[in-house]
Amino acid sequence: LERLGALMRDALLEALDVAHFGEVLRETHMRSIPGLKHGCMRFALHHFDELVERPEVFLSPLQELPEVLGDLFRLSRCWKDG
């Protein structure tokens, strides 16, 4: 069962795109799926420029979750400093 969960997580992250990032991150937070949330944050690092260019794509689904937005802003500091 654990292996199936890992396979599903990997498949979802491979299919993830900028247009669905906010929705997926919101659901992983709401449903407390830490492995998937971590993968979404890695996705954010790798697609940071695209996300900054199109904030309307991910901000709307996350507007009720200030702690998740805070995580993203902290992540942006790492990207900027790195």
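Everything below is about the structure shown above.
Since the structure is predicted, the reported quantities are computational estimates derived from the model, not experimental observations.

Thresholds applied
- Residues numbered from 1 in each chain as written.
- Predicted model: local features only at pLDDT ≥ 70, side-chain atom pairs only at ≥ 80, totals over all residues.
- Heavy atoms only, no water.
- Helix = DSSP H or I, 4+ residues; strand = E, 2+ residues; numbered from the N terminus.
- Phe/Tyr/Trp six-rings, centres within 6.5 Å; stacked < 30°, edge-to-face > 60°.
- Buried < 20%, exposed > 50% of the residue type's maximum accessible area, 1.4 Å probe, protein only.

## Considering the environment of E53
Alright, step 1. Looking at the secondary structure, you find E53 in helix α4 (residues 48-53).
Alright, step 2. C-alpha separation for the pair E53 and Q63, spaced ten residues apart in sequence, amounts to 18 Å.

## Looking at the packing of aromatic side chains
Alright, step 1. For the structure on display, the rule yields two aromatic pairs.
Alright, step 2. Measuring from ring centre to ring centre gives 5.6 Å for F21 and F43, while their planes differ by 20°; the resulting arrangement is stacked. Highlighted residues: F21 in helix α2 (residues 18-30) and F43 in helix α3 (residues 34-46), separated in sequence by 22 residues.
Alright, step 3. On the basis of relative accessible area, F21 is assigned to the buried category, the value being 0%.
Alright, step 4. Members of the aromatic cluster, joined through ring pairs, are F21, F43 and F58.

## With respect to the environment of P66
Alright, step 1. If you trace the backbone, P66 turns up in helix α6 (residues 66-81).
Alright, step 2. Look at P66 and you get exposed, because its relative accessible area is 56%.
Alright, step 3. Along the backbone, P66 and C40 are 26 residues apart, and their C-alpha atoms lie at a distance of 16 Å.

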